[in-house]
Each structure stands twice: as C-alpha cells, then as structure tokens.
Amino acid sequence: MKKQFLTAFFLATSMAVFGQSKKPISQPLVSHIFTADPSAHVFNGKIYIYPSHDIESDTKRNDDGGSFDMKDYRILSMDKIGGKVTDHGVALDIKDIPWVGRQLWAPDAAFKNGTYYLYFPAKDKDDIFRMGVATSKSPVGPFKAEPAPIKGSFSIDPCVFKDTDGSFYMYFGGIWGGQLQRWKTGTYEQNGKLQEDNQPALAPKIAKLSKDMLSFSEEAKDVKILDKNGIELLAGDNNKRFFEASWLHKYKGKYYFSYSTGDTHLIAYATGDNPYGPFTYQGVVLNPVDGWTNHHSIVEVKGKWYLFYHDVQLSGKTHLRNVKVTELKHNPDGSIHTITAYK
Ligand code: FUB
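Residues numbered from 1 in each chain as written. Predicted model: local features only at pLDDT ≥ 70, side-chain atom pairs only at ≥ 80, totals over all residues. Heavy atoms only, no water.

- As annotated in an unreviewed UniProt entry, the protein chain is Glycosyl hydrolases family 43 from Arcicella rosea.
- You can read under Sequence similarities (unreviewed entry) in the UniProt record for the protein chain the words "Belongs to the glycosyl hydrolase 43 family." (UniProt positions renumbered as here; feature names shortened; annotations may be inferred.)

Right, dumping it as structure tokens:
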C-alpha cells in the first residue's frame, strides 16, 4: 500500500517537475542507479545493455559536457523485453584504465571468437577524447582495459557494427564537447572551430576494425550524409545534421545510420547501400526527450525491433539520466515510424 502511494506520488511529482501533462510511454529499466546512452546487443539469446553510468558532479553544466563526469561502467541484462533487469555491478573502473584522465562516456560492445570487447570514449591525461577497448570472456565483465587507446582514434560515441560478412566497423564522433571539430585537419587542434552554417556539416567517422578487434585496419574516413538531392547536409541544418550518438543497424539489406542532432535533440536517420555510405537523410526516429541529450540504439530481438533510449524522468537533471526501451517499427516501404516518448 505504502509502495503504491509512493509510486503514485513520485509519478505525480515528476510530471509537475517537468510541467508535463504528458505520460512517458516507457518506464526506466532501472532506478537504483542513473544510466544513459544505452547500446543494446543480443548475445547468446540474452539482451545486454552497455550504458553510461551517470553520477552526481560538482562541475557546472557547460557546452563541453563537463558535468558528465562518469567513473565506471555497469552492464545491464534481461532475458526478454519487459523482463527482470539485472545490474551486473562494476564491469570496468576508471582507476583500472592506465591512459584515462576523466569522463567515461557512451560505450558499445562486440563479441568475436569467444571474447567480448567493450569500446569506450574517455579523455586522456591531456584532456583529449580517445577510444579505449577492454576485453572479457563474459558479456558482463569484468573487462580488462588495453594499456593505450586505439591508435588513430579520437572524439566520442563508438558504435561497433558487425556486418553479415563478419566484418566489424566502428562509427564514431561528436561535435562540441565531443571534440570532433578539433580534428578537421586530421591532427588535433585545440582551437578547432565548427563549420560555418553554409559549409558541409562535420561528418561522423568510420573505420574498419582489424581482425584482433583491438585496432583500426584503416585510417578513419568521413561518413557522408546527403539530402535527397545528393548534396551533403549543411552545418546550419541543425534539425538534420550529425551531432553525436552514431548507431548502425541493417534491415532488409539496407544500412540505417542513426544519430543525434544534438542541439535540436532529435534522433535522425539516413540510409545507404554499404557500411561506408554515403547515407541519404530520411527522417526522425525519436522526437526530443526530457533532458538535453538524446542517445539511442536499435536492435532486433526475436524478430521485433526495439529502440533503447534515455530521458531524465527519475531526476529532472540533464546529467542524471535513465535508460528505457520501446518497440520500433519499420513501415512497409522501409522508413522508420517516428517515436514520441510521451503521450
Ligand atoms: O553521456 C555523455 C554524452 O552525452 C554522450 O557521449 C553523448 O552522446 C551524450 O549522450
């Protein structure tokens, strides 16, 4: 009885906090910790979620994302959508990653030949975002970090996609606090600027992974996102251009590259005929959620497709998020039915 009262009280208060008369379509998957940026995978028939683990921070909110000051990774799992969610505890701690200075941001994972790989962005000791990799024999860790970041990696938000021919590719990048604008010339420039509004938007990156999964087998290349006329999206087209949070899924032989538009808070998508693109902008996967960031993954579970995403339902604070899941539908013509996270 008391629990029911508290739940009703919590829901009513959270609505009031956000000034919503709207109801979330999904509830947080866990509420004992804050989680964000959910990268979901099915390994051996079980669903694993590799999220960021948000924590309170003294750093004031700024355009560099300084308040996202995460210090470890924890992995969640469930046997089925809607089933019990298990938190497997700390899988990798910042103190066990020799090259990292601060900020463990949005990770992803992959499995090959009996080993699980956790890919993660973090600032090195010079405050430059790089991509790290850690390995385990279990999907939930503990993971052991490689002593150095992946050579040739930079910026944030890795998404590792396994194509049907067994090749693995990493998509990555993020502007503003994600530092992609500092790599425009191929080397790091502390004062690197964003493009002008009438210039092509900064492109996310792709690199094929080597057979050992611990390095890139090629130099990172641009992932071009075009409009329907074949012209690259412009930096000023904030509702459509790439900001961060790359994800790649393949549906009926087509490659779907989805991403966050950042300051316009959408998850958008573009489609292409091969992993490298170019991709043509198609529309919106997810409308803005409560909180500044929007970050997702799209995964098939037993013949149905799901969108994992986050909002700030539990805290009302942009840096303390909670992961959620809802069904995603492809329309008969292959387009994605846009999801609004509130009714
Ligand atoms: O979680 C930290 C950052 O916030 C992620 O790397 C971005 O995608 C945004 O969700």
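1. What to know about the overall build of the protein chain
- Of the regular secondary structure elements, the protein chain holds one helix and 21 strands.
- In terms of overall dimensions, the protein chain is globule-like: its C-alpha atoms have a radius of gyration of 19 Å, near the 20 Å expected for 343 residues.
- For the protein chain, the spread of C-alpha atoms along the principal axes amounts to about 60 × 45 × 45 Å.
- A total of 343 residues make up the protein chain; the buried ones form 57% of that total.
- Summarising the internal contacts of the protein chain: among those between residues at least 6 apart in sequence, 53% fall at separations of at least 24. (Helix = DSSP H or I, 4+ residues; strand = E, 2+ residues; numbered from the N terminus. Rg over C-alpha atoms; globule rule 2.2 N^0.38 Å. Buried < 20%, exposed > 50% of the residue type's maximum accessible area, 1.4 Å probe, protein only. Contact = heavy atoms within 4.5 Å.)

2. Quick word on the pattern of salt bridges
- A full pass over the atoms with the stated rule returns 17 salt bridges.
- The partner of Lys95 in a salt bridge is Asp96, and the shortest N-O contact between them spans 3.6 Å.
- A salt bridge links Lys254 to Asp273, with the shortest nitrogen-to-oxygen separation between them at 2.7 Å. Here Lys254, found in strand S16 (residues 254-260), pairs with Asp273, found in the loop between strand S17 (267-272) and strand S18 (279-286); they are 19 residues apart in sequence, far enough to count as distant.
- On the basis of relative accessibility, which here comes to 60%, the residue Asp273 falls in the exposed class.
- One network of salt bridges, with partners in common, ties together Asp37, Asp54 and Arg321. (Salt bridge = Lys/Arg side-chain N within 4 Å of Asp/Glu carboxyl O.)

3. Considering the pairing of strand S8 (residues 129-136)
- Across the eight residues of S8, six count as buried, placing the element largely inside the fold.
- Inspection of the sheet shows strand S7 (residues 115-124) paired to S8 by eight bridges, in the antiparallel sense. Paired with Tyr117 across the two strands is Thr135, which belongs to S8.
- Between S7 and S8, which pair antiparallel in sequence order, lie four residues; one of them, Asp127, sits at a positive phi of approximately 65 degrees.
- Relative to strand S9 (residues 144-145), S8 runs antiparallel, the two being bridged by two bridges. Within S9, the residue paired with Thr135 across the bridge is Lys144. (Pairing = 2+ DSSP bridges.)

4. Some details on the sheet that holds strand S21 (residues 322-328)
- The three strands lie next to each other as S19-S20-S21, forming an open sheet whose pairing is antiparallel. With partners counted over all chains shown, the strands left at the sheet margins are strand S19 (297-301) and S21, one partner each. Taking each pair of neighbouring strands and ignoring which way they run, the sheet shows an average axis angle of 30 degrees.
- Note that strand S20 (residues 304-311) and S21 share seven bridges and pair antiparallel. Looking at the pairing, Phe308 lines up with Val325 of S21. (Axes fitted to C-alpha atoms, helices over the stretch in contact; angles between N-to-C directions.)

5. Here's the deal with the site of the ligand
- What surrounds the ligand is the set Asp37, Ser52, Met70, Trp105, Ala106, Ile156, Asp157, Glu244, Thr293, His295, His310 and Arg321.
- Asp157 is positioned with one of its side-chain polar atoms (N or O) 2.5 Å from an oxygen atom of the ligand.
- Arg321 places a polar side-chain atom, nitrogen or oxygen, 2.7 Å from an oxygen atom of the ligand.
- Out of a free accessible area of 280 Å², the ligand has 99% covered by protein chains.
- In terms of residue class, the shell around the ligand is made up of four nonpolar, four polar and four charged. (Near = heavy atom within 4 Å. Polar contact = N/O pair within 3.5 Å; in protein donor to acceptor, adjacent residues only side chain to side chain. Areas by Shrake-Rupley, 256 points an atom, 1.4 Å probe, with all protein chains shown as cover. Nonpolar A, V, L, I, M, F, W, Y, C, P; charged D, E, K, R; others polar.)

6. Focus: the environment of Ile55
- When you line up the elements, Ile55 lands in the loop between strand S2 (46-54) and strand S3 (72-78).
- For the pair Ile55 and Ser67, spaced 12 residues apart in sequence, the C-alpha separation works out to 9.0 Å.

7. Focus on the nonpolar core
- Of all hydrophobic cores here, the largest spans 58 residues; its most connected members are Tyr119, Met170, Tyr171, Val285 and Leu286.
- Beyond its immediate sequence surroundings of up to four residues, Tyr171 is in contact with Asp157, Pro158, Cys159, Phe161, Lys205, Ile206, Val223, Ser246, Leu248, Phe257 and Pro275.
- Residues Phe43, Ile97, Trp99 and Ile156 belong to the second largest nonpolar core, which totals 26 residues. (Core = buried A, V, L, I, M, F, W, Y, C linked by side-chain atoms within 4.5 Å.)

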